[in-house]
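Coordinates in review
Residues per chain are reported as follows:
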Amino acid sequence: KGAKCLMQNLQMTERIKLRAKQKGISIKYLLEKCGINKGFIYDIEKQNKIPSVDKIERIADCLDCSVDYLLGRTDVIEINSSAVNTENNNFKVL
């Protein structure tokens, strides 16, 4: 279980780094913009800490990608905005 978590963490940090590079921003700038401690990536990669959902959501929002993309659950970067009704934050039945 620990090895699987570590692999998922490494995949997530690699996707964060890749997406930041694609957006032309540094990890330092990204974390500052998201209000996250500068040691976030180190803590995940080296300390095997599990990031909070809130932090992953903030990073995904700043990188214009889905949480699922960062978590490795999909290779689709774009957010499926058609599945979300932003007026009242309810999901549409697809």
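Since this is a predicted model, take the numbers as computed values, not measurements. (Residues numbered from 1 in each chain as written. Predicted model: local features only at pLDDT ≥ 70, side-chain atom pairs only at ≥ 80, totals over all residues. Heavy atoms only, no water.)

**Looking at the overall build of the chain**
Rules: Only DSSP runs of H or I covering at least 4 residues are called helices, and only runs of E covering at least 2 are called strands; the numbering of each starts at the N terminus. Working definition: with a 1.4 Å probe on protein chains only, accessible area under 20% of the residue-type maximum means buried, over 50% means exposed, and in between means partly exposed. Contacts are assigned to residue pairs with any non-hydrogen atoms lying within 4.5 Å of each other. All accessible-area figures derive from a Shrake-Rupley calculation using a 1.4 Å probe, and residue coverage is judged against the displayed protein chains alone.
A count of helical and extended segments in the chain gives 5 helices and 2 strands. Shown N-terminal to C-terminal, the secondary structure of the chain runs as helices and strands in the order α-α-α-α-α-β-β. A burial count over the chain gives 31% of its 94 residues as buried. Of all intrachain contacts in the chain linking residues separated by at least 6 positions in sequence, the fraction that spans at least 24 positions is 53%. Working note: accessible area of the chain is about 6,600 Å², and carbon and sulfur atoms make up 52% of it.

**A few points about the nonpolar core**
Spelled out, the test is: By convention a nonpolar core is built from buried Ala, Val, Leu, Ile, Met, Phe, Trp, Tyr and Cys residues, the set being connected through side-chain atoms within 4.5 Å.
Core analysis: the biggest nonpolar cluster contains 19 residues, and I16, L30, F40, I59, L63, C65 and L70 have the highest contact counts within it. Those elements giving two or more residues to this core turn out to be α1 (2–23), α2 (27–34), α3 (40–45), α4 (53–62) and α5 (67–71). Element by element, the count of residues in this core is highest for α4, at 4 residues. Ignoring any residue separated from it by four or fewer positions in sequence, one finds I16 in contact with I27, L30, F40, I41, I59, L63 and L70.

**Describing the packing of aromatic side chains**
For clarity, the cut-off: Each aromatic pair joins two rings of Phe, Tyr and Trp (for Trp, the six-membered one) with centres within 6.5 Å, and gets the label stacked for planes under 30 degrees apart, edge-to-face for over 60, and tilted for any other angle. Two thresholds decide whether a charge sits over a ring: the Lys NZ or Arg CZ must be within 6 Å of the ring centre and within 35 degrees of the ring normal.
All told, the structure shown has 0 aromatic pairs when counted by the stated rule. Directly above the aromatic system of Y69 lies the positively charged group of R15, at a separation of 4.5 Å from the ring centroid.

**Digging into the pattern of salt bridges**
Should the charged atoms of two oppositely charged side chains come close, the side chains can pair. Our working definition: Salt bridge, as used here, is a side-chain nitrogen of Lys or Arg placed within 4 Å of a carboxyl oxygen of Asp or Glu.
Under the criterion given, the structure shown has 6 salt bridges. Across the salt bridge formed by R15 and D75, the nearest N and O atoms sit 2.5 Å from each other. With R15 in helix α1 and D75 in the loop between α5 and β1 (84–85), this pair connects stretches of sequence that are 60 residues apart. Among the residues examined, D75 registers a relative accessible area of 63% and is labelled exposed. Close ionic contact of R58 with D54 constitutes a salt bridge, the shortest N to O distance being 2.8 Å. Here the residue R58 and the residue D54 both occupy positions in helix α4, the gap between them amounting to 4 residues, near one helical turn.

**Notes on α4**
Residue pairs spaced three or four apart in an α-helix point in one direction, given the helix's 3.6 residues per turn. Where we set the bar: Throughout, the arc means the angular range of directions from the helix axis out to the C-beta atoms.
Among the residues making up α4, those that are buried are I56, I59, A60 and C62. On an axial view of α4, the arc spanned by its buried residues comes to 165°, and they lie on one face. Across α4 from its buried face, at more than 90 degrees, point the exposed residues V53 and D61. Positive phi appears at D64, one or two residues downstream of α4, with a value of about 50°.

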